[in-house]
Amino acid sequence: MGKVVQKGGCLCGAVRFEVTGEGSNPHSCSCRNCQQHTGAPTVAWVEFARDQVRWTGTAGTPATYRSSEYSSRAFCAACGSSIGAIDDAPTVALLVGSFDDPGQAAFAPEYHSFEDRKPHWWLVATAAADEGHLVCSRVNAPE
């Protein structure tokens, strides 16, 4: 049986990727860099070795912004979509939401980084959404 290939990319499709094999270290994070990079209070990540990731879109590799001593945030220069982080170590951390199938069980976070930075209302809002009190519309969702 061949290795699993998963695909994903940005909103406009200029940055696309394929990852081969299993990811590691699925986690969520609420650090200030993640919040500002994505505009979300909490994000979910999964990591891959650099040689597991192939950039396949017309833009090639994503644009990057050096966000720390060891990592650069990756995004699409055309539409601005956050894609992930490319570390100096041979690691590419991809945002779970950038995958074509973000609901995979393998992407479920195993822990939460910077939990103390998570907004105090986060659990209340997610519980209400789970109970059906909040509705999210699917604008421009893939068919």
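Structure first, text after, so check above.
Residues numbered from 1 in each chain as written. Predicted model: local features only at pLDDT ≥ 70, side-chain atom pairs only at ≥ 80, totals over all residues. Heavy atoms only, no water.

### Some remarks on the environment of A77
Reasoning step 1: Examined against the element boundaries, A77 turns out to sit in the loop between β7 (71–75) and β8 (82–87).
Reasoning step 2: For the pair A77 and A14, spaced 63 residues apart in the sequence, the C-alpha separation amounts to 8.7 Å. (Helix = DSSP H or I, 4+ residues; strand = E, 2+ residues; numbered from the N terminus.)

### Quick word on the nonpolar core
Reasoning step 1: Ranked by size, the top nonpolar core spans 17 residues in total, and within it F17, V19, F48, I83, L94 and F99 carry the most contacts.
Reasoning step 2: Of all the secondary-structure elements, those providing two or more residues to this core are β2 (16–20), β4 (43–49), β8 and β9 (91–95).
Reasoning step 3: Non-local contacts of F99, meaning those with residues more than four positions away in its chain, are made with Q6, K7, G8, F17, V19, V46, F48, L94 and F107.
Reasoning step 4: C31, V43, W45 and A85 belong to the second largest nonpolar core, which has eight residues in total. (Core = buried A, V, L, I, M, F, W, Y, C linked by side-chain atoms within 4.5 Å. Buried < 20%, exposed > 50% of the residue type's maximum accessible area, 1.4 Å probe, protein only. Contact = heavy atoms within 4.5 Å.)

### Regarding the pairing of β4
Reasoning step 1: Taken across its seven residues, β4 has five buried, putting it largely inside the fold.
Reasoning step 2: For strand β3 (residues 24–29) and β4, the ladder comprises four bridges, and the chain directions are antiparallel. Each bridged residue has a counterpart across the sheet, and for S28 the counterpart in β4 is A44.
Reasoning step 3: The pairing of β4 with β9 spans five bridges and is antiparallel. The residue of β9 that forms the bridge with E47 is A93. (Pairing = 2+ DSSP bridges.)

### Some thoughts on the sheet that holds strand β1 (residues 5–9)
Reasoning step 1: Pairing in this open sheet of three strands is antiparallel, and the strands run β1-β2-β5 from one edge to the other. Strands at the two margins of the open sheet, each flanked by one partner only, are β1 and β5 (53–55). The mean inter-strand angle of the sheet, taken between neighbouring strand axes irrespective of direction, is 20°.
Reasoning step 2: Direction of pairing for β1 relative to β2: antiparallel, over a ladder of five bridges. Note on β2: the bridge partner recorded for K7 is E18. (Axes fitted to C-alpha atoms, helices over the stretch in contact; angles between N-to-C directions.)

### A short note on unusual backbone geometry
Reasoning step 1: Not every positive phi belongs to a glycine, and N25 is a case in point at roughly 55°.
Reasoning step 2: Mapping N25 onto the fold places it in strand β3.
Reasoning step 3: Overall, the relative accessible area of 26% leaves N25 in the partly exposed class.

### Regarding the packing of aromatic side chains
Reasoning step 1: Enumeration over the complete set of coordinates arrives at four aromatic pairs.
Reasoning step 2: Centre to centre, the rings of F17 and F99 are 5.0 Å apart; their planes meet at 80°, and the pair counts as edge-to-face. With F17 in strand β2 and F99 in the loop between β9 and β10 (112–113), this residue pair connects regions lying 82 residues apart in the sequence.
Reasoning step 3: Judged by relative accessible area, F99 falls into the buried class, the value being 3%.
Reasoning step 4: Ring geometry for F48 against F99: centres 6.1 Å apart, planes inclined by 40°, an arrangement best described as tilted. Pair noted here: F48 is in strand β4 and F99 is in the loop between β9 and β10, with a separation of 51 residues, a long-range link. F99 matches F48 in its accessibility class, with the two residues each being buried.
Reasoning step 5: Members of the aromatic cluster, each reached through a chain of ring pairs, are F17, F48, W55, F99 and F107. (Phe/Tyr/Trp six-rings, centres within 6.5 Å; stacked < 30°, edge-to-face > 60°.)

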